[in-house]
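Residue strings, one per chain:
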Amino acid sequence: MAAVHHPPNPPALHSFESVDLLVESLAAFVVKAQKEAIDKKGRFTIALSGGSLPKMLKGLINNPAVKWDLWQVFYADERVVPLDDPDSNHLLCTQELFSKVPIPKENIHTIDVSLFDDLEELSDAYEKELIREFAQKDAARFPVFDLILLGMGPDGHTASLFPNHPLLAEEDRWVAYIEDSPKPPPKRITLTYPVINHAARVAFVAAGAGKADMLSKVLDHPEEGLPSSRVRPAYPGQLYWFVDAPAAAKLELPPTEFKL
Ligand SMILES: O=C(O)[C@H](O)[C@@H](O)[C@H](O)[C@H](O)COP(=O)(O)O
């Protein structure tokens with residue numbers, strides 16, 4: 001990545017009056033990111049999270065601009081449970097999105113359930129899956145996702161990067177595992193900061209009044225070092241926040257007008 005000494009771009013905060021507007025704008029944003037990636041490289045690499053995020057992507061369903069066959073989907077984090085377990089992020093994304101759109105199954109990169117007994121092997125295998133997708137094609141030290149979509153938990157966590165956890169200091173691995181997640185289930189794998197912070201675009205999605213206090217901590221007080229505040233994609237990467245008015249209610253950071 002060029003210009004290593006350039007400071008990260010400031011976050012773009014997009015605040016919407018309603019969740020419907022947020023959903024519509026997020027879909028338009030994803031489609032634009034997809035178009036730019038496909039025009040440049042003929043494919044679109046994206047990482048998804050669980051929580052409320054998959055539902056927020058419903059603006060992509062029946063959207064003729066989405067080129068599903070050119071998407072390569074990874075998970076920003078995944079719980080170590082069978083893929084049909086109610087706790088699985090893959091199951092959630094399948095129920096909310098993939099079962100409703102024509103995406104080829106092989107374009108969705110799930111964790112290897114045969115490796116559940118050994119989390120080291122499991123995360124190594126997912127890292128290899130990323131290497132197969134990125135390393136030969138982009139030849140970079142870290143993969144450069146076209147887009148990573150994240151949620152923010154009530155404690156400020158994102159992906160499976162929890163406050164004060166040693167994983168926050170991981171500098172080498174692309175994928176790491178955690179056995180002591182404070183939020184169940186305890187065993188998970190997660191993309192690490194070097195991967196998240198090398199992405200071309202990272203977008204958080206947060207809606208509802210329940211997010212207001214934590215959002216203000218994360219965006220107005222990044223010096224507190226909460227996991228979501230540590231997401232600062234390296235230049236020229238860009239960080240976006242898609243929030244609704246109740247979530248934004250306590251923010252000092254001024255919003256940026258949403259324009260495509
Ligand atoms: O793995 C998990 O524990 C959840 O998926 C979690 O990381 C979620 O993404 C955030 O808590 C935001 O949740 P909401 O989007 O539902 O607010």
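Keep in mind that this is a model prediction, so the values were computed, not measured. (Residues numbered from 1 in each chain as written. Predicted model: local features only at pLDDT ≥ 70, side-chain atom pairs only at ≥ 80, totals over all residues. Heavy atoms only, no water.)

A. Main features of the site of the ligand. Residues in contact with the ligand, as listed here, are Gly50, Gly51, Ser52, Asp77, Arg79, Met152, Gly153, His157, Ala159, Lys183, Arg188 and Lys211. Serine 52 places a side-chain nitrogen or oxygen 2.5 Å from an oxygen atom of the ligand. Contact between the ligand and lysine 211: an oxygen atom at 2.4 Å from a side-chain N or O atom of the residue. Calculation on the ligand without its partners gives an accessible area of 420 Å², and the protein chains cover 87% of this total. Its residues assigned to classes, the shell around the ligand shows two nonpolar, five polar and five charged. (Near = heavy atom within 4 Å. Polar contact = N/O pair within 3.5 Å; in protein donor to acceptor, adjacent residues only side chain to side chain. Areas by Shrake-Rupley, 256 points an atom, 1.4 Å probe, with all protein chains shown as cover. Nonpolar A, V, L, I, M, F, W, Y, C, P; charged D, E, K, R; others polar.)

B. How the structure looks around the sheet that holds strand E7 (residues 188-191). Taken together, three strands build an open sheet; the order of strands is E4-E7-E6 and the sheet is antiparallel. Unpaired on one side and paired on the other, strand E4 (77-79) and strand E6 (175-178) mark the two borders of the sheet. Strand after strand, the sheet turns through a mean of 20 degrees between neighbouring axes, direction not considered. Where E4 lies against E7, three bridges are found, and the strand directions are antiparallel. Considered in E7, the bridge of glutamate 78 is made with isoleucine 189. (Pairing = 2+ DSSP bridges. Helix = DSSP H or I, 4+ residues; strand = E, 2+ residues; numbered from the N terminus. Axes fitted to C-alpha atoms, helices over the stretch in contact; angles between N-to-C directions.)

C. Summary view of the packing of aromatic side chains. In the structure shown here, the tally under the stated rule is twelve aromatic pairs. With a centroid separation of 6.1 Å and 40 degrees between ring planes, the pair formed by phenylalanine 74 and phenylalanine 134 is classed as tilted. Separated by 60 residues along the polypeptide, phenylalanine 74 in strand E3 (residues 71-75) and phenylalanine 134 in helix H4 (residues 119-138) bring together distant segments of the chain. We note that phenylalanine 74, like phenylalanine 134, is buried. Among the aromatic side chains, those forming a connected cluster through ring pairs are Phe16, Phe29, Tyr240, Phe242 and Phe258. Its end group placed over the ring of phenylalanine 134, arginine 43 keeps NZ or CZ at 5.8 Å from the ring centre. (Phe/Tyr/Trp six-rings, centres within 6.5 Å; stacked < 30°, edge-to-face > 60°. Buried < 20%, exposed > 50% of the residue type's maximum accessible area, 1.4 Å probe, protein only. Lys NZ or Arg CZ within 6 Å of the ring centre and 35° of its normal.)

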